[in-house]
Amino acid sequence: MNYGRNFVTNTTEHIDEQQPGSAGESKEMGALQALWDLFSSMKTAIVLLLVLAAVSIVITIFNAKRGDDSSRVYQSPWYLFLLALIGVNLAVCSVNRFQQAWRRTFSPSLRADPKALKNAAASVSLTFEGTADAAAEKAEQALRARRYTVTKTQQDSAVVLHAVKGRLAIWGPYLTHLSILVIFLGAVIGGRAGFDGYMQIVEGQQTSTYSNNKIGKDAKLGFEVGLKKFEIKYDEKHNPTGYKSDLQVYDGGKQVAQKIIDVNHPLSYKGITFFQSSYGLESVTLTVTGPNGESKELPYQVQTGSENGQTVYSLIGMNEMGMAVETVNFGGKKLTVLFHNIAPDYVGGTQTNASDMPLHPAVQVYVNERFPEYKGMDAWKEIGWLPVNKSLTYKGYTIAFDRIVQYTGLSVARNPGLPVVYLGFALLVLGVFISFYLTHRIIRVHIATSGNKQTVVAGATSRADPSTFEKDWARLRDEVEA
Amino acid sequence: MTIKLGADAFTIAVAIYALAAILYVAYLINKQKAMADAGRGVLIAGFLVHSAALVIRGLALGRVPFLNMYEYMISCVWGAVVVYLGVEIFTKNRSFGAFAVPLITAGAFMAARLPYQLVDIMPALRSAWRVPHIASAVLAYGAFAVAFVMAIMYLLAVKSEGEKGSFWASRLPSAKFTDQAIYRVIAFGFLMQTVLILVGAIWAQMSWGRYWGWDPKETWSLITWLIYAAYLHTRTVMGWRGRNSVLMALFGFLAVIFTLFGVNFLGGLHAYSSVMK
């Protein structure tokens, strides 16, 4: 690991060149220049980061107090403006520092000043018996063994070596900042060219209609999506472990795709992705069978409403009052059945319902042998709660809860900016890693002749921590003073 | 391999950590190297038992133990131990342990008191993405916690630097050294935090169809990231050192705490009262 990463140096920015021109022109240039200066400043960057953090904190608290869990505020013009300022800051800083980073990478100064090297945070002085070139060769060998790229030059009467490694580190912050701009770009593309929405499909049906959040109303997909079956998978304790929709895609009249999706495995077709989002009860079918074997199938639509923040369910019946009531007369014995309540997640006992999700539906069954003559409450007898796939009997009659028809709720989304965003993600992680875990190391060696000895002074002139050069000095010592 | 065995193993680990804490504090007080060596040995022993406890629980459950509060806490404590051991190895300094290990022990003790029984996994959480997401969280928050402890030590060191014959001055690592160490730990934490946020975003995209929804948990993890990013910039580009830098690190940790715990409070203010009974 390295200490003090050498980010691009100065706190004072770039060279300010005054252009000759008329007084009016230079005033405009002055203002533009000031703006450019502002946006190329590191102080601006830090202020913007902290302002963004502070504003976001305020928004989360503000949202919570209002019970608003939408992301609307974050998409408001002024928040986006703040993000845009950061984007401009990143872009300007990157442009400004590009030339310098390029120069440092490809054409650094090769000069070495022995006095400066001796005063460097990390340095070593050695003596060598022999020629300057021989000394240079030894030093170069040592540094090459330490994986440095070495350049030898003649500087006045001395031989000078410039050894460098880890130049990629120079570009770490660059890559990091660029990646954020790439993410922003991806987000903008997604926002402009993408959309998100919602659709419901009932088991056994197919549709091409979905509700588009961007335009605020229904739209057509251009193809049809059908639901063969919706299923909840349970574990041994009868807790849901998965919500699965068996979807088919029909394009131009024939099936072109099929997939059983669940929450973590969506379906994509023509750039549009369908995510398992919710589900519900569409209808139920019960059967009443008489003592003589005659039976009647009773389908009912399910209606959901909201009460105290909970979803409540009821059966929409076919009689004049909309109640789920049916009178049958099988084998001479009349019976009227009323399906009074439907519990979505029936567990029995005093609690009745474990949740308001339709996990284990059950209907509450009442019977009345003298309907419609006796309609009062006392004429009805409750015979129990009837869960799916179960049946109840009453005086020779069997009432069975045959099946339910469910619908699946799918999130629909198209995001053409996604590949760009993902690219930005990868670059960001890479950039952060390079910035902190690669070190740009420069060692300059100055070889001066005094008599038949060489004074070899090596100093580290990059900002890497001095302790990282210990092994390099050891190697130099081994080679040069051998 | 039962859950109870895993829980018992973790309880043993807590006891071992407590012993290690005592040894580290003793080292700080009497400066005997033998104490530090013993402390590290005991800490590593505790860490091995702790790791075994996690593995046992994982095997008993058939999945990586990253789900309920108990699992999350024991994993975060594990992460803090990993980071602390890294600090000890890279800085070659044991004094940080006198503060870090007792706090790790306290965290482990609190974790051990949480209910460890089986928890049912919501279908949405049944994804392979959960593992790298929580793993990076464990390392990020472990690192930020260790940096926080070191920040306290820095303030103590600075306060006692002038005083002659001060108890702290001769025992704590120098303020400058601690300051640099905090920077390295936060740099690691920041890399982990970046991975955490991005993996979370990819998972959210696969699961919910949007990689960023500005929900409180997401937003607060970003806020934490921004504060530490500012810290790193003040250090590397503006050359901030010492008190101001450390205060920023402390400030960042407040954001971490809120991200982990405060967000649930925010959630309570939501219209989430429709949660099932």
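Keep in mind the model is a prediction, meaning the values are calculated, not measured.

1. Notes on the domain arrangement of chain B
All names here are of chain B.
Alright, step 1. Here the domain parsing of chain B yields domain 1 (1-121) and domain 2 (125-270).
Alright, step 2. For domain 1 versus domain 2, the separation of C-alpha centres amounts to 20 Å.
Alright, step 3. With 22 residues of domain 1 in contact, the opposing surface of domain 2 contributes 21 residues.
Alright, step 4. Elements supplying a minimum of two residues to the side of domain 1 that touches domain 2: helix 3 (69-91) and helix 4 (97-112).
Alright, step 5. With 10 residues, the single largest contributor to the side of domain 1 that touches domain 2 is helix 3.
Alright, step 6. Residues belonging to the side of domain 1 that touches domain 2 are distributed by class as follows: 16 nonpolar, five polar and one charged.

2. Details of the environment of A36 of chain B
All names here are of chain B.
Alright, step 1. When you line up the elements, A36 lands in helix 2 (residues 33-61).
Alright, step 2. A36 gets classed as buried once you count the C-beta atoms within 10 Å, which come to 21.
Alright, step 3. In the structure, A36 is positioned 44 residues away from A80 in sequence and 19 Å away in space, judged by C-alpha atoms.
Alright, step 4. Apart from the residues lying within four places of it in its own chain, the contact partners of A36 are Y27 and R94.

3. Observations regarding the pairing of strand 21 (residues 441-450) of chain A
Residue and element names in this part refer to chain A.
Alright, step 1. Burial analysis of strand 21 places seven of its 10 residues in the buried class, which makes it a mostly covered element.
Alright, step 2. With seven bridges connecting them, strand 3 (residues 158-165) and strand 21 associate as antiparallel partners. By the bridge assignment for strand 21, L161 is matched with V445.
Alright, step 3. Here strand 21 pairs with strand 22 (residues 453-460) via eight bridges, running antiparallel. Directly across from R444, in strand 22, lies its bridge partner G459.
Alright, step 4. Where strand 21 hands over to strand 22, the hairpin turn is made up of two residues, of which G451 adopts a positive phi near 75°.

4. Brief notes about the sheet that holds strand 2 (residues 149-155) of chain A
Residues and elements named next belong to chain A.
Alright, step 1. Strand order across the open sheet formed by five strands is 1-22-21-3-2, with antiparallel pairing between neighbours. In this open sheet, the two strands that pair with only one neighbour each are strand 1 (123-129) and strand 2. Shown here is a sheet whose adjacent strand axes are inclined to one another by a mean of 20°, direction ignored.
Alright, step 2. Its contacts with the sheet place helix 5 (residues 132-145) against strand 1, strand 2, strand 3, strand 21 and strand 22, and it is angled at close to 5° to strand 3.
Alright, step 3. Packing of helix 8 (residues 470-480) onto the sheet brings it into contact with strand 1, strand 21 and strand 22, and relative to strand 1 it is tilted by some 5°.

5. What about the packing of helix 3 of chain B against helix 4 of chain B?
Residues and elements named next belong to chain B.
Alright, step 1. At a minimum axis distance of 9 Å, the contact between helix 3 and helix 4 shows a crossing angle of 165°. Taken together, the axes of helix 3 and helix 4 are roughly antiparallel relative to one another. Taken as a pair, helix 3 and helix 4 cross one another with a handedness that is left-handed. For the pair formed by helix 3 and helix 4, the contact residues are Y70, M73, I74, V77, A80, V81, Y84 and E88 on the first element and G97, A100, I104, G107, A108, M110 and A111 on the second.
Alright, step 2. Class assignment of the residues belonging to the contact of helix 3 with helix 4 gives a composition of 12 nonpolar, two polar and one charged.

6. A few points about the interface of chain A and chain B
How big an interface is tends to be stated in terms of the accessible area lost upon association of its parts.
Alright, step 1. In this assembly, 48 residues from chain A lie in contact with 44 residues from chain B.
Alright, step 2. At the level of elements, helix 2 (42-65), strand 7 (240-251), strand 10 (272-289), strand 20 (397-414) and helix 7 (418-437) of chain A are the ones that each hand at least two residues to the side of chain A that touches chain B.
Alright, step 3. Counting residues per element, the side of chain A that touches chain B draws most heavily on helix 2 of chain A, at 12 residues.
Alright, step 4. Grouping the constituent residues of the side of chain A that touches chain B by class yields 27 nonpolar, 15 polar and six charged.

7. Considerations on the nonpolar core
Alright, step 1. Formed by 113 residues in total, the largest nonpolar core has its most connected members in A143, V146, A147, M150, I182, V185 and I186 of chain B.
Alright, step 2. Beyond its immediate sequence surroundings of up to four residues, V185 of chain B is in contact with V83, V87, A143, V146, A147 and M150 of chain B.
Alright, step 3. Membership of the second largest hydrophobic core comes to 29 residues, among which are A122, A136, A464 and L476 of chain A.

Quick notes on the rules
Residue numbers run consecutively from 1 along every chain, following the written order of its sequence. Chain letters start at A and ligand numbers start at 1, both assigned in the order the entries are written. A pLDDT threshold of at least 70 governs which residues receive local features in this predicted model, and a stricter bar of 80 or more applies before side-chain atom pairs are shown or counted, although totals over entire chains, interfaces and linings include all residues. A domain assignment, automatic or from a database, supplies the domain bounds used here. The contact criterion used is a C-beta to C-beta distance within 7 Å, with each C-beta placed from the backbone. Numbering goes from the N terminus for both helices and strands, where a helix is a DSSP run of H or I of at least four residues and a strand is a run of E of at least two. Classes in brief: Ala, Val, Leu, Ile, Met, Phe, Trp, Tyr, Cys and Pro nonpolar; Asp, Glu, Lys and Arg charged; the others, Gly included, polar. Each residue is classified by how many other C-beta atoms fall within 10 Å of its C-beta atom, where C-beta atoms are placed from the backbone; a count of 20 or more means buried, 12 or fewer means exposed, and values in between mean partly exposed. Two strands form a pair only when DSSP identifies at least two bridges running between them. Between N-to-C directions, angles cover 0 to 180 degrees, with each direction set by a line fitted to C-alpha atoms, over the stretch in contact for helices. Angles below 35 degrees are treated as roughly parallel, those above 145 as roughly antiparallel, those between 65 and 115 as roughly perpendicular, and all remaining angles as oblique. The handedness criterion is simple: a crossing whose near helix is rotated anticlockwise from the far helix by less than a right angle is left-handed, and one whose near helix is rotated clockwise is right-handed. Think of a nonpolar core as buried Ala, Val, Leu, Ile, Met, Phe, Trp, Tyr and Cys residues, each tied to the set through C-beta atoms within 7 Å.

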